[in-house]
Structure formats: structure tokens, C-alpha cells
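Structure assessment
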Amino acid sequence: MIESVKLLTPELIVSCAGLLLLGIEAFAGKHLKSLTLTAAILSLLAALFALISMFPEGRVFGLLVLDPFALFFKFVALVAAILILLLSEKDPDLFGAHSGSYAALVLFSTVGVMFLASAEDLLMLFIALELTTVPLFVLAGFTRKVERSSEGAIKFFLVGAFSTGLMLFGISYLYGVTGSTHFVMIRQWFTSPAYASNDVLFLIGLLFLLIGLGFKLSLVPFHQWTPDAYEGAPTPITAFFSVSREAGVIVIMLRFFSDFVNQNLIGLTGLFAVLSILTMTVGNLAALRQDNLKRLLAYSSIAHAGTIFVGVVSGNQLGREGVMLYSMSYFLMSLGAFSVVTIVSRIRNSDEIVAIQGLAKENFPLAFLMLLFLLSLAG
């Protein structure tokens, strides 16, 4: 047990920091709230140091697995959280009177992504996914005085609750058929003679699980909520969506559908390929008609989710390595693009596409960076 707790050192550091920040906001004076950003970033750096120095490998309480694949996405989640907090620093709506709550919610969602990267049990998957998304519901509507922010948050919450119900329905089927929620036990049942007599029920469970995760990943046709949530949320949180949501969900889908229940053996490869193609196509075509930068980047994230999903379609080691490389470059470029949108919004008080018209004349370095980020996203 002690060894398992030691392996969770990065998550424990970030979790304790989140609780501390909530306490600071609730009980400390306003003069201490200026330390919120410093405390949050120091905790993330400490977790990052623990992750790199320990490079832990093994299993935690039989529910989490720590391998290079999981450690890579934990690293991505921590770096993304640091960049998001730095990006939010000068936003008075975020780092204002409720800076402790804001920073704590970002930290808790980051912990959820870290757990998702290691989940090896369906119930742990559910808990980690909720820990990732529930703080995002609040963050999406953090600017309460902005009507479209509340509207986007409500849509995000309703779709999130609906998709969670579908996912739990699928998990209940899988548990009822296999007698376990652990990935290893499900794989053993899947490769046993018992599978032949319950293959239909097992497939139904997998499909509902896939639909639930598809909503979280914004795969077409489960993507309709994404543009509204992106447009309404504060821009730094919009950038956080593209990292936490996609990184967390894609890693669990890669692990479950490649290592434990290979889609090639149950005939789902064709369905996965169709979902990937539809997501890339619809995301890119819908982006052409957008006049808002955040909605444009929302459809871009949908298209990139389809591209990343190709790694799940392949279902092999090469696909996994491709996802790792693609994810790191995409997340950095996406964060960069949203950073430029944040700065432009502050300068011109608008996040419409016309806001960047003539930007090169006013701020050439910023315009040049946006060009690099967009070219990178275009591939």
C-alpha cells in the first residue's frame, strides 16, 4: 500500500495544492490571494519534478497502471496546466476575487487527466473522467456576467451528463457480461470460450461506452456542443479544453481498445475508421463558415480529434507512437493559437475573425506567431 501511495506522489501534490488554494480563498485575506498563481505553478512544477525524477512504473491498488505511455500524458497534462495558468494571469475575471477557486479547478481537472492516463478499470475510468470534466463545467461558465458563457456551460453540462449516463449504461453491460470492471479480467473473458455465447451483449456495452467517450472527445456526430462551449468559455479555459479533454479521453481509448479489447477482433475497425473520417471532414468543412476565432478553433479541435483517432483505428504500437507525437505538437500549437486569441481579445475587445485583420501592421511578432501556429495546425 505504501508503495502504491508513493507512486501517486505527483497526483497527491497537485490535489493537496488545490485544496490549499480553496482554503486560502475561503479563510485568508485578499492580500494572500496574490500568491495563488505562484502557489499553483509551484505545485505543478513540484509534481513535474516528482514525475521526472521518480519515473515511477508499476500498478497502484490494482486500478492504475504506470508505464511510459501514461507518464508521457501525465507530463503533457502538467505542462499544459502551467501554461494555462500563466495565460490566465492578466485576466481579471479569472484571477480576480475568486482566483483560488479558478486555480483549484484547473488543478483538479489536471489530476483527473493524470488518473485517466493510468486508468485500468472501468470504474476508475468513470471517476477520473468525472474529475476531469466536472471542474470544466464550472470553468466554462466562470465569467457569470457573460450570457453566452452561461449558455455554453449549460450546454456542456447537459451533454456531459447525458454522455456520462450512456457510458455508465455501457459499463453496466460490460460488468454484467464479464463479471468484472478491470481491463485485465475483461480481456481474459474476451479471449475465453464464454465470449461466443454473449458476444452481442458485450458488443452493445462496447458501443455505449464508445458513444459516451465519443461525446467527450467530440467525435462526429457527437460534436454539436463543442463550438458553443468553446465560444462561451473564457479563452484560456477554451485552450484547456483542447488539452485536458482530448488528451485524457484519447489515452484511455487507446489503452482499452488496443491493449485489452482489440477492435480488429470484434469487427469495429471499420466503424472507427468511419468515425475518424467523418470527424476530420465535418470539422474542417464546418470551420470554413465560422466568423468567430474561438468557434473556428473549436471546429479545428474537432478535426484534429478525428486525426488523433486514427491512432485508435490502427490499434497497434505504431499508432500509439503516432498519437504521442501528434498530441504533443498539436497541444502546443493549439495553446499557442489560443494565447494569441487571448491577447488580441484584450487589445481589440473582440474574438471575431475581423479582430485580427491588419494585426501585422500593429503587432508583427504576434501576427507572425499566429501564422506559424495556424500553419502548424494545418499541417
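Throughout what follows, the structure given in this document is the object of discussion. (Residues numbered from 1 in each chain as written. Predicted model: local features only at pLDDT ≥ 70, side-chain atom pairs only at ≥ 80, totals over all residues. Heavy atoms only, no water.)

**Points about the overall build of the protein**
Within the protein, the regular secondary structure consists of 17 helices and two strands. If you line up the protein on its principal axes, its C-alpha atoms span 70 × 50 × 35 Å. Across the 379 residues of the protein, 56% fall into the buried class. Long-range contacts, defined here as pairs at least 24 residues apart, represent 77% of the contacts in the protein between residues at least 6 apart. Of the roughly 15,700 Å² that the protein leaves accessible, carbon and sulfur atoms contribute 70%. In the protein, 21 positive and 23 negative side-chain charges are present, and the distance between their average locations comes to 5 Å. (Helix = DSSP H or I, 4+ residues; strand = E, 2+ residues; numbered from the N terminus. Buried < 20%, exposed > 50% of the residue type's maximum accessible area, 1.4 Å probe, protein only. Contact = heavy atoms within 4.5 Å. Areas by Shrake-Rupley, 256 points an atom, 1.4 Å probe, with all protein chains shown as cover. Lys, Arg positive; Asp, Glu negative; His and termini not counted. Charge placed at Lys NZ, Arg CZ, Asp CG, Glu CD.)

**Digging into the pattern of salt bridges**
Tallying each qualifying case throughout the model produces five salt bridges. Among the salt bridges present, the one from D228 reaches K155, with a minimum N-O distance of 2.9 Å. Placement of D228 in helix α10 (residues 225-232) and of K155 in helix α7 (residues 147-178) is noted, with a sequence separation of 73 residues between them. R295 is the partner of D228 in a salt bridge, and the nearest nitrogen-oxygen pair spans 3.0 Å. You can see D228 sitting in helix α10 and its partner R295 sitting in helix α14 (residues 293-314), a full 67 residues away along the chain. D228 gets classed as partly exposed once you look at its relative accessible area, which sits at 23%. On the basis of relative accessibility, which here comes to 17%, the residue R295 falls in the buried class. (Salt bridge = Lys/Arg side-chain N within 4 Å of Asp/Glu carboxyl O.)

**Section: the nonpolar core**
Core analysis: the biggest nonpolar cluster contains 123 residues, and F73, L85, Y102, M253, F256 and F309 have the highest contact counts within it. With 15 residues, helix α11 (residues 235-260) is the single largest residue contributor to this core. With sequence-adjacent residues up to four places away left out, L85 is seen in contact with L37, A40, I41, L44, F95, Y102, A103 and V106. (Core = buried A, V, L, I, M, F, W, Y, C linked by side-chain atoms within 4.5 Å.)

**Thoughts on the packing of helix α6 (residues 122-140) against α7**
At a minimum axis distance of 9 Å, the contact between α6 and α7 shows a crossing angle of 170°. In terms of their interaxial angle, α6 and α7 are classed as roughly antiparallel. When α6 is examined against α7, the residues L122, F126, L129, E130, L136, F137 and A140 are found in contact with a partner set consisting of S149, A153, F156, F157, G160, T164, M167, L168, I171 and L174. Its residues assigned to classes, the contact of α6 with α7 shows 13 nonpolar, three polar and one charged. (Axes fitted to C-alpha atoms, helices over the stretch in contact; angles between N-to-C directions. Parallel < 35°, antiparallel > 145°, perpendicular 65-115°, else oblique. Nonpolar A, V, L, I, M, F, W, Y, C, P; charged D, E, K, R; others polar.)

**Details of the side chain of S163**
As for its position among the elements, S163 is in helix α7. According to the relative accessible area criterion, S163 is buried, its value standing at 1%. At 3.3 Å, the side chain of S163 and the side chain of K216 are in polar contact. Non-local contacts of S163, meaning those with residues more than four positions away in its chain, are made with G212, F215 and K216. (Polar contact = N/O pair within 3.5 Å; in protein donor to acceptor, adjacent residues only side chain to side chain.)

**Examining the packing of α6 against helix α9 (residues 199-217)**
Remark: α6 packs on α9, axes separated minimally by 13 Å, with the N-to-C direction vectors making an angle of 20°. By the criterion of interaxial angle, the relationship of α6 to α9 is roughly parallel. Seen along the crossing, α6 lies across α9 with a hand that is left-handed. The segment α6 lies against α9, with L122, L125, L129, E130 and T133 engaging L209, L213 and K216. Among the residues making up the contact of α6 with α9, the classes are represented as five nonpolar, one polar and two charged. (Left-handed = near helix turned anticlockwise from the far one by under 90°.)

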